[in-house]
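Below, each chain spelled out in residue letters.
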Amino acid sequence: MQDLLEKALEAGNYIRTHIPDVPDTVVILGSGLGKLADEIRDAIEIPYADIPNFKTSTVKGHDNKLIYGTIYGKKILAMKGRYHFYEGYSMQEAAFPIRVFALLGIRNLIVSNAAGGINKKFKVGDLMLITDHIKLCAESPLRGENEEVFGTRFPNMTDAYPVEFRNLAKSVASNLKMELQEGVYAFMAGPQYETTAEIKMLATIGADAVGMSTVPEVIAAVHSGMNVLGISCITDMTGSGQQVSHEEVMKAAGEAEGRFVRLVMEIINQL
Ligand code: HPA
């Protein structure tokens, strides 16, 4: 079996030969939040299927391609479609693209997702800046032999979402007169949505929102010293007892998408 580094190098070499430059920032576009990709100038698309060792996401609404180009002159790589643990991928596989991006020398990660709102002050359609995360379940994406090229054996996670990046997002939102919530994102393995008791537990331990993605990628990004900014779109108020469905999640994300795109474009502009 090829090891992780070899696989990541192979994928990275393929991507490198298809893009003219090292992107400044990679943006992972969550469920229903893919339209940012339409704003990328001089776009070069690379289907995941063509990249050695990349998998394809099986989730509806995920396109399975990388898009390279510029936004306000900044070199951007967008990931349209991501891998989730609940699809059957390991946490290491879910974080694999980040390993590749780290080897390519990409310094910034903007990660987005659709999430259930737990904090009762939130409402459907809110955008939430992720201040921190909680991972209760599933193994770490860093489990197994540590590859020092990526990072240290026991990486620190106390500052996973650096305050400078968050402050920038807050000032951009305020200039755009856009409301931006803040809170802690809890990772749950899914694919079933949470029980009422689980939501109560998550609220008790300090979670403001819950979802089934993002955390594997963020752990790998922090391992490799990338700067991370996370934005959740609150697609349902599971914390208020709302029944959740994938259709509602996609609909709510679609309605918030315009605001999400404006916010992220302006953050990229000011990076
Ligand atoms: N729970 C978990 N994941 C989600 C939710 C939720 O309520 N909404 C969107 N993704």
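The structure under discussion appears in the preceding block.
Now for a description of the structure that goes with this document. Bear in mind that the values here come from a model prediction, so they are computed numbers and not experimental data.

1. Some remarks on the nonpolar core
- Judged by nonpolar contacts, the single largest core of 50 residues is most densely connected at Ile15, Phe54, Leu66, Phe101, Leu109 and Met226.
- Excluding residues within four positions of it along the chain, Ile15 makes contact with Ile46, Ile51, Phe54, Leu66, Val100 and Leu104.
- Val27, Leu127, Met178 and Ala256 belong to the second largest nonpolar core, which has 32 residues in total.

2. Side note on the pairing of strand 5 (residues 108–117)
- Buried residues dominate strand 5, accounting for 10 of its 10 residues.
- Relative to strand 5, strand 1 (residues 25–29) is paired through 4 bridges, and the arrangement is parallel. Counted as the bridge partner of Val27 is Ile110 from strand 5.
- Note: strand 5 against strand 9 (residues 227–236), 9 bridges, orientation parallel. Residue pairing in the sheet places Ser112 in a bridge with Ile231 of strand 9.
- As paired strands, strand 5 and strand 8 (residues 209–211) are joined by 2 bridges and run antiparallel to one another. Bridging from a neighbouring strand, Gly117 pairs with Ala209 of strand 8.

3. Topic: the site of the ligand
- The immediate surroundings of the ligand are formed by 13 residues, with Ala114, Gly116, Glu194, Gly211 and Asp236 found nearest.
- Within the contact set of the ligand, a nitrogen atom lies 3.3 Å away from a backbone nitrogen or oxygen of Ala114.
- Taking Gly116, its main chain carries an N or O atom lying 3.3 Å from a nitrogen atom of the ligand.
- Considered on its own, the ligand offers 260 Å² of accessible surface; in the complex 96% of this is hidden by protein.
- Counting residues per element, the ones that place at least two in the shell around the ligand are strand 5, strand 8 and strand 9.
- Broken down by element, the residue count for the shell around the ligand peaks at 3 residues, all from strand 5.
- Of the residues in the shell around the ligand, the class split is 7 nonpolar, 4 polar and 2 charged.

Conventions and cut-offs
- Along each chain, the written sequence defines residue order, and numbers are assigned to residues from 1.
- pLDDT decides what is reported in this predicted model: residues at 70 or higher carry local features, side-chain atom pairs at 80 or more are listed and counted, and totals for whole chains, interfaces and linings draw on all residues regardless.
- Only hydrogens and water are set aside when side-chain values are computed; all heavy atoms of the structure are taken into account.
- Residue types Ala, Val, Leu, Ile, Met, Phe, Trp, Tyr and Cys, when buried and joined through side-chain atoms within 4.5 Å, form a set referred to as a nonpolar core.
- Accessible area is worked out with a 1.4 Å probe on protein chains only. A residue is then buried under 20% of its type maximum, exposed over 50%, and partly exposed in between.
- Contacts are assigned to residue pairs with any non-hydrogen atoms lying within 4.5 Å of each other.
- By definition, any uninterrupted DSSP run of H or I lasting at least four residues is a helix, any uninterrupted run of E lasting at least two residues is a strand, and each is numbered from the N terminus.
- Each pair of strands is called paired provided DSSP finds at least two bridges between the two strands.
- Only a single heavy atom is needed: when it lies within 4 Å of a molecule or strand, its residue is near that molecule or strand.
- Pairs of N or O atoms within 3.5 Å make up the polar contacts considered here, provided that, within protein, one atom can donate a hydrogen while the other can accept it, and that residues adjacent in sequence are counted only when both atoms are side-chain atoms.
- All accessible areas in this document rest on Shrake-Rupley with a 1.4 Å probe, and a residue is counted as covered only by the protein chains that are shown.
- Amino acid classes used here: Ala, Val, Leu, Ile, Met, Phe, Trp, Tyr, Cys and Pro are nonpolar; Asp, Glu, Lys and Arg are charged; the rest, including Gly, are polar.

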